[in-house]
Each structure stands twice: as C-alpha cells, then as structure tokens.
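Below, each chain spelled out in residue letters.
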Amino acid sequence: MCGRYALFRWNPAFAALPGFPADQKAQWNISPNDSVLMLRAGADGQRELARARWGLTPPWLTDLSRTPAHARAETVAEQPMFREALRLRRCLLPANGFYEWRGGTRKRPYWLTPGEGSSLFFAAIWEAYPVQEQVWLSTAVITQPAAGQRRPLILDEEGQRQWLDPETPLHVLQGLLASEPGQLRERVLANMVNDPKLNGPECLTPA
C-alpha cells in the first residue's frame, strides 16, 4: 500500500499555478493525515492548487478517526464513501515518487519513480468539511493492484486532463481506473525513511 510519498522538486510552471503556497516546503516523507498539495479544476475550469489533509473527510462523517487515505480503483465508483466524490470532486496529487516496503519480517523500503528528476500525478478525490466558518479540504489517493502491491493510480498527461475535466463521462473514468500500471524505476533504500518524523533528503539514502 502506498503509505508514504514525496514532493520536494517542482518546475516554475507548477509554482506559477493559482493557489501555490508561498511557504511551500519540500516534503520528503509524506504520510496519511499530513497536509498535501492537490491539483484540481477551479470554478473557471483552470487548474488550481490547494492544500488538503491526506485522509478523506466527507461532510456527513461523524467518526473522524475513520478518514481513509486510499480508495480502491476497483470499487471507488460503487462505495458510498467515495462514489459522489468520484463523480464531482476529482483531483491529482503531485509527487516526485513514492515509497514501498517489501520483504518478510524485516521489510526494506524502496523508492519508486518514473525516472530521476521526473514528476508524476496520482489520481485522487477530494471533499470539503465545514467547521464553523472554515472549510477544510481532504483527499484520498486512488490505488490499483500492481506487482503484488497496491500502488497509486498514476495518470499520463491525457489521463490527467480527462480526470480533472468535470464533463468526462463515467465510462471514460472507468477506463482510467482499469488502466495498466506503467513501468517505474526502483531503488532499495536504507531504513532512515522508516521514521515518519524524518523529512529530509536523507530519506532517499541508498541501501
């Protein structure tokens, strides 16, 4: 399961998008419940960035200890927790790569990315949770089965456009949800990233 990812590098065009936080810092070890950047279509149809909590919080939710960080691609269109967000509130989570743990009792962390210096976008959904006069945004990553794990659904440029377009019909979305995982580069890491409080380039220290 994708429980950690990183966003520590972005290009000037990304930083020029509406909503890019002036105080945005590199995040090397993002975990569920952290504040993350999400990319969505704004009211004018243009792309915009916003901060959201990684853990979906629909406005009807009463048990705030149950805020899922993930939604399965196979069932997201049917599950009551996710289906309306899939239809109306889709977003992308930008990343440079993500972490995966493999092995037996002593699992080793791996770093997965399309290539050095590359960026990628996870398919995700979002919700707004009103608290008094403030509205909190939250998000969940769409995951799919891949290589015996569950990995984020990574969309190419055309897939990103379709995912964010509010007019995209359900059958096209279902095609994206069922798409084959792409090839990723991987590197085994030292165990420093195991500490969720560590947030620096040493997270990517090779084994």
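Provided above is the structure to which this section pertains.
Let me sum up the structure you'll find in this document. Remember, it's a predicted structure, so these values are computed and weren't measured experimentally. (Residues numbered from 1 in each chain as written. Predicted model: local features only at pLDDT ≥ 70, side-chain atom pairs only at ≥ 80, totals over all residues. Heavy atoms only, no water.)

Notes on the packing of helix α3 (residues 157–164) against helix α4 (residues 170–177)
Argument step 1. Here α3 crosses α4 at 140°, and the two axes come no closer than 10 Å. Considered as vectors, α3 and α4 are oriented oblique to each other. Our pair here, α3 against α4, has a crossing hand that is left-handed. In this structure, α3 uses Gly159, Gln162 and Trp163 to contact α4, whose residues at the interface are Val172, Leu173, Leu176 and Leu177.
Argument step 2. Split by residue class, the contact of α3 with α4 holds five nonpolar, two polar and no charged. (Axes fitted to C-alpha atoms, helices over the stretch in contact; angles between N-to-C directions. Helix = DSSP H or I, 4+ residues; strand = E, 2+ residues; numbered from the N terminus. Parallel < 35°, antiparallel > 145°, perpendicular 65-115°, else oblique. Left-handed = near helix turned anticlockwise from the far one by under 90°. Contact = heavy atoms within 4.5 Å. Nonpolar A, V, L, I, M, F, W, Y, C, P; charged D, E, K, R; others polar.)

Thoughts on the sheet that holds strand β12 (residues 185–188)
By definition, the strands of a sheet pair up through backbone hydrogen bonds, in either a parallel or an antiparallel sense.
Argument step 1. On the basis of which strands lie adjacent, the open sheet formed by five strands has the order β2-β1-β7-β8-β12 and antiparallel pairing. Of all the strands in the sheet, the pair left with one neighbour each is β2 (27–30) and β12. Each strand axis lies, on average, 25° off the axis of its neighbour in the sheet, ignoring direction.
Argument step 2. Pairing geometry for strand β1 (residues 4–7) and β2, over two bridges, is antiparallel. The residue bridging tyrosine 5 from the neighbouring strand is isoleucine 30, located in β2. (Pairing = 2+ DSSP bridges.)

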